Amino acid sequence: MPGSSVPPEPGDAAGRPVLRAGTAYARPARWAVLQRRLFGELDQAWREFSARYCDPAGDGRLVFHDRLGVPPDDRDGVDDFYEPFFNWPLLYVLGGADDLLAAARRHWLGVTAQLTEAGMVAGGHDRGYDWFHQGEGLLLLYHLCLAAPEDERIRAQAIRSAELYLGGRPGNYDPGANVVTAPHNGADGPRPGLTGGAPVFPWSPVFAWYGLPLDWIEGIDSYDALVADPVLARRMGEEMRDRMGRGDTAVNLAATSLMANAFLLTGREEFRVWVLRYAGGWLERARANGGVLPDNAGLDGRTGAYLDGRWYGGHYGWAWPHGLHSVGAAAVIAACNAVLVGGGKEYLELGRSPLDAVLAGLRTGPDGVPTVPYKHNDSGWHGHRPLQAALPAALWHVSQDPADAERLERATGPDRNHVAAVRTKEEAGHEVPWLSFLAGTNPDYPERALQVTLDLVRERRRAIAADPTDPATGPSTADIHHWQDRNPVLTEVLGQLTCGAPQPLYNGGLWHARLRYHDAERGRPGLPPDVAALVTAIAPDRTAVTLVNLDPAAARRVLVRAGSFGQHTFGTVRQDGRPGLLVHGPEFEVVLGGGCSTEVVTTVELHDRRPAHH
């Protein structure tokens, strides 16, 4: 019956404090109803995607009968096969369907077999490509480790992949110079150049938008000249091979997630030390470069070794193709990973370096929207666009430093409360209105964001149902983003609201959450059925969350954990304004009576525990 409860307990069998919520609500909060409705909608959506695009034989691979590994883009494509499923295990961790984990694991195994047969993957890992793309492809593995760290096949692959970078064979990392030894690296070790076969550029028409990779090569002054003259195209390809296809690049910082993930699984000190040492090497280069993170280093560790001393011009660096989008993401990922595994707050300087570099060129247009320069080449800083909010938001979430929030505020337009009805493959874009909600100035964000997400999921489901692509053959290589463009699983808003977590940075970031939940009755990660959660405050020393049980009769038991990897410690917990209860540990239990809700406010010590997958 409504308001049913369980007798109060001083602690559970594991010695965790237990809170009891037995006060019934008159009417459930609308955000709670929408949240559980979204879980139900997503549960249908992933099943429809799997049935429409995956091999009916049942091994989990995507239906695809075109070819991969064809020059000049002969190293591209591995990430595109994993990306359609990247956030499925994350949905399970949040409280998705019981069989979702098995489905995500099956797709990971099927796609890995598919890519191995295509000659793109060896030993379960990309044979060798840049970390802008490797980071994207590995998100599925990271999230599987988060969801099922006890799964021996998942564990073994994550550890085996990380061991490729410890030094020795296959040569991806030189511990003496503290460099990753090529822009393209992986299971085959360092792969020279940027493509197989004869070097040539442009590779495809899409690269015209990014401009010249090297803007200072004598006799080459435009992209059109490369298209028109095969001799110039070959020359540019050779210059790119010799200057951009050698040594270390800043985007390799995304490899710290692979090593940090292995540390979370094993506790092996060598993985932790690798993260701190490699991130520290790039931090020192930034300090030596006047505080601006360079994008390249030679095999001897020197900035500009193959670029005539330039700190810019490396592969996926400041000059080409994306600038801040790639350099900034890798730097913030590495900074957050370093703090996670026990490095000091000084590592956050690594993530702030690219942000401060572009914020120095901040300007505001007539529409009141600030923009920053994303790129730098011989002509200086250029390519103004709105700042990618996910970068300072991720940094602030880990640092809890008001200066990092101020970095985002400086680059934010006049409307901080707008909830855009948009979903990109990165599952980002709602950081500003979410942080405005946490600041107390956007109270309607949960309802509006959940409704927008529901509408987007339904839109994706309609697109899947109406897709004219032949289900027997699948898309062609030219449409290799077909699946990720239709992935109907959306976790950004759910992660924000339930766990106080920004969406993981798409080019290989780990999931940094303030809270995490476990279903105590069913012994699995995530919120129990019918339970909704709303994190309403995140501060350096405090977290507030409201829990609601929408089942009017049955009680639910929820374990609340401090951090996605148990890296924080709860001090005291105060329920519904009553006197605080001492926790002094990483978790406590809440027993929610049927039709009941409760507000829990905790004190917290951040990053004071050894993090681990559990």
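All figures in this text were calculated on a predicted structure; none of them were measured in a lab.

> I would appreciate a short explanation of the overall build of the chain in the present structure.
When you go through the chain residue by residue, the secondary structure sums to 17 helices and 19 strands. By principal-axis analysis of the C-alpha atoms, the chain measures approximately 80 × 55 × 55 Å. A buried classification covers 61% of the 614 residues belonging to the chain. By element, 52% of the accessible surface of the chain is carried by carbon and sulfur atoms, the whole surface being about 21900 Å². Charged side chains in the chain number 59 positive and 74 negative. The centres of these two groups are separated by 3 Å.

> Could you clarify how one ought to interpret helix α14 (residues 402–410) in this entry?
Count 3.6 residues to each turn of an α-helix, and residues three or four apart come out pointing the same way. Along α14, the positions that sit buried rather than exposed are Asp404, Arg407 and Leu408. Seen along its axis, α14 keeps its buried residues to an arc of 95°; they face one direction. The elements touched by buried residues of α14 are α12 (348–359), α13 (390–399) and α15 (431–438). Here α14 starts with a cap whose side-chain oxygen sits 2.8 Å from the backbone nitrogen of Ala403, and that cap is Asp401.

> Explain the packing of aromatic side chains to me, please; I cannot follow it from the model alone.
The geometry of an aromatic ring pair is captured by the separation of the ring centres together with the interplanar angle, meaning the angle of the planes. Tallying each qualifying case throughout the model produces 28 aromatic pairs. Judged by centre distance (6.0 Å) and plane angle (75°), the rings of Trp203 and Trp320 are edge-to-face. Of this pair, Trp203 sits in the loop between β5 (179–180) and α7 (223–228) while Trp320 sits in the loop between β7 (296–297) and α11 (324–340), and the two are 117 residues apart along the sequence. Among the residues examined, Trp320 registers a relative accessible area of 1% and is labelled buried. Ring centres of Trp311 and Trp381 lie 6.1 Å apart, and the angle between their planes is 45°; on these two criteria the pair is classed as tilted. Highlighted residues: Trp311 in the loop between β7 and α11 and Trp381 in strand β10 (residues 380–385), separated in sequence by 70 residues. Judged by relative accessible area, which is 17%, Trp311 ranks as buried. Through pairs of rings, three or more aromatic residues link up here, namely Phe201, Trp203, Phe207, Trp209, Tyr210, Tyr223 and Trp320. A cation sits over an aromatic face here: Arg310 above Trp216, 3.8 Å from the ring centre. Sitting over the face of the ring of Tyr374, Arg385 holds its NZ or CZ atom 4.3 Å from the ring centroid.

> Explain the pairing of strand β19 (residues 597–605) to me, please; I cannot follow it from the model alone.
In regular strands, side chains alternate between the two faces of the sheet. Where strand β14 (residues 542–549) meets β19, 7 bridges bridge the pair, whose relative direction is antiparallel. Directly across from Arg542, in β19, lies its bridge partner Thr603. Where strand β16 (residues 569–575) and β19 come together, 5 bridges link them in antiparallel fashion. In the sheet register, Phe570 faces β19, and the bridge partner there is Val604.

> Please clarify how the pairing of β14 should be interpreted in this entry.
Burial analysis of β14 places 7 of its 8 residues in the buried class, which makes it a mostly covered element. In this antiparallel pair of consecutive strands, strand β13 (residues 531–539) and β14, the connection spans 2 residues.

> Would you explain the environment of Ala420 in this entry?
Relative to the assigned elements, Ala420 resides in the loop between α14 and α15. Taking the relative accessible area as the measure of exposure, Ala420 reaches 21% and is therefore partly exposed. Along the sequence, Ala420 and Pro488 sit 68 residues apart, while their C-alpha atoms lie 17 Å from each other. If sequence neighbours within four positions are ignored, Ala420 has contacts with His430 and Val452.

> What is the right way to look at the sheet that holds β16 in this model?
Within a sheet, each strand pairs with its neighbour through backbone hydrogen bonds, oriented either parallel or antiparallel. Spatially, the 5 strands line up as an open sheet ordered β13-β14-β19-β16-β17, and their pairing is antiparallel. One side of each edge strand has no neighbouring strand; the edge strands of this open sheet are β13 and β17 (581–585). On average, each strand axis in the sheet is tilted by 25° relative to the strand beside it, whichever way the strands run.

> Please explain the packing of helix α16 (residues 445–465) against helix α17 (residues 492–499) as it appears in this structure.
Axes are the key here: two packed helices are described by the angle between their axes and the distance separating the axes. Contact geometry of α16 with α17 gives a least axis separation of 9 Å together with a crossing angle of 150°. Considering the angle they form, α16 stands roughly antiparallel to α17. The hand of the α16/α17 crossing is left-handed. Between α16 and α17, the contacting residues are Tyr445, Pro446, Ala449, Leu450 and Thr453 on the first element and Val493, Leu494, Gln496 and Leu497 on the second. Residues of the contact of α16 with α17, tallied by class, amount to 7 nonpolar, 2 polar and no charged.

> Sorry, what's going on with the sheet that holds strand β9 (residues 370–377) here?
The 3 strands are arranged β8-β9-β10 in an open sheet whose pairing can be described as antiparallel. The open sheet is flanked by β8 (363–364) and β10, the only strands paired with a single partner. Bridge analysis of β8 against β9 gives 2 bridges, and the strand direction is antiparallel. Bridging from a neighbouring strand, Thr364 pairs with Pro370 of β9.

> What's the story with the nonpolar core in this structure? I'm lost.
As a rule of thumb, nonpolar side chains are buried together in soluble globular proteins. The biggest cluster of nonpolar side chains holds 171 residues, and the ones touching the most others in it are Phe81, Leu293, Leu350, Trp511, Tyr517, Val560 and Phe588. Sorting elements by how many residues they give to this core places α11 first, with 13 residues. The residues touching Val560, leaving out its near neighbours within four places in the chain, are Leu515, Arg516, Tyr517, Leu547, Phe570, Pro586, Glu587, Phe588 and Val590.

> In this structure, what is going on with the state of the cysteines? I would like to understand it.
Disulfides are covalent bonds that link the sulfur atoms of two cysteine residues. Going through the model one piece at a time under the given rule, you end up with 0 disulfides. Looking at Cys145, it has no disulfide partner, and the nearest cysteine sulfur is the one in Cys499, 18 Å off. For Cys145, a relative accessible area of 0% puts it in the buried group. Its sulfur unpaired, Cys499 is 17 Å from the next cysteine sulfur, which belongs to Cys336.

Rules behind the numbers
Residues numbered from 1 in each chain as written. Predicted model: local features only at pLDDT ≥ 70, side-chain atom pairs only at ≥ 80, totals over all residues. Heavy atoms only, no water. Helix = DSSP H or I, 4+ residues; strand = E, 2+ residues; numbered from the N terminus. Buried < 20%, exposed > 50% of the residue type's maximum accessible area, 1.4 Å probe, protein only. Areas by Shrake-Rupley, 256 points an atom, 1.4 Å probe, with all protein chains shown as cover. Lys, Arg positive; Asp, Glu negative; His and termini not counted. Charge placed at Lys NZ, Arg CZ, Asp CG, Glu CD. Arc of directions from axis to C-beta. Contact = heavy atoms within 4.5 Å. Polar contact = N/O pair within 3.5 Å; in protein donor to acceptor, adjacent residues only side chain to side chain. Phe/Tyr/Trp six-rings, centres within 6.5 Å; stacked < 30°, edge-to-face > 60°. Lys NZ or Arg CZ within 6 Å of the ring centre and 35° of its normal. Pairing = 2+ DSSP bridges. Axes fitted to C-alpha atoms, helices over the stretch in contact; angles between N-to-C directions. Parallel < 35°, antiparallel > 145°, perpendicular 65-115°, else oblique. Left-handed = near helix turned anticlockwise from the far one by under 90°. Nonpolar A, V, L, I, M, F, W, Y, C, P; charged D, E, K, R; others polar. Core = buried A, V, L, I, M, F, W, Y, C linked by side-chain atoms within 4.5 Å. Disulfide = S-S within 2.5 Å.

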